[in-house]
Amino acid sequence: MPAASPASTELLADLRTGRRPLDEHLRELEARFARIEPRVRAFMPEDRRFERLQEEARQLVFDHLDPERRPPLYGLLFGVKDVFRADGFETSGGSRLPPAELAGPEAEVVTRLKQL
């Protein structure tokens, strides 16, 4: 596995310590997403995506008030390809099957990433 870039390592450290507030980071990502995603179209459409992410961020901050005890990937956003089941999202797996046919528990890899 390749080593993390210095920029990503610095970002994680800044998020964990609070030097970079999570809500500010999300606003920057939202602006970037708005510029790039319409051309790339890598994400499934989702109404109020960044409102959801801001709420999740507020909960994350509340759950981890002590920066010394924050998980290693605290505040890092990640996308999940829809071949993996993620709670709260439909899974299509790139097929024409109805999403209900692919319903089930969240993929373990997704659950574990959320815990980091």
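Residue numbers restart at each chain and count upward from 1, following the sequence in its written direction. Where local features are concerned, this predicted model is filtered to residues with pLDDT of at least 70; where side-chain atom pairs are given and counted, the filter is 80 or more; whole-chain, interface and lining totals use all residues. Hydrogen atoms and water are omitted, and side-chain values are computed over all heavy atoms in the structure.

K.L.:
Tell me what's going on with the side chain of Ser92, and back it up with residues and numbers.
P.N.:
Strands are runs of DSSP state E lasting at least 2 residues, helices are runs of H or I lasting at least 4, and numbering of each runs from the N terminus. Mapping Ser92 onto the fold places it in the loop between helix H3 (49-63) and helix H4 (108-115). Think of a polar contact as two N or O atoms within 3.5 Å of one another; within protein, one of them needs to be a possible hydrogen donor and the other a possible acceptor, and neighboring residues in sequence only count if both atoms come from side chains. One polar contact links Ser92 to Asp82, side chain to side chain, over a distance of 2.4 Å. Those residues in contact with Ser92, other than ones at most four positions away along the chain, are Asp82 and Leu102. Note on contacts: a residue pair is in contact if any heavy atoms of the two residues lie within 4.5 Å.

K.L.:
I'd like to hear about the pattern of salt bridges, residue by residue, with values.
P.N.:
It is possible for side chains bearing opposite charge to pair when their charged atoms get close. Here, a salt bridge means any side-chain nitrogen of Lys or Arg that lies within 4 Å of a carboxyl oxygen of Asp or Glu. Per the counting criterion, the structure on display carries 10 salt bridges. Between Arg20 and Glu28 there is a salt bridge; the shortest N-O distance is 2.1 Å. The closest approach of N and O atoms between Asp23 and Arg27, which form a salt bridge, is 3.6 Å. In this pair, Asp23 and Arg27 both sit in helix H2 (residues 22-40), four residues apart, roughly one turn of the helix. Buried means the residue's accessible area, taken with a 1.4 Å probe over protein chains only, is under 20% of the maximum for its type, while exposed means over 50%, and partly exposed covers the values in between. The class of Asp23 is partly exposed, set by a relative accessible area of 37%. A network of salt bridges, in which partner residues are shared, links Glu46, Arg49, Arg52 and Glu56.

Remember that the coordinates give geometry; whether it matters functionally is a separate question.
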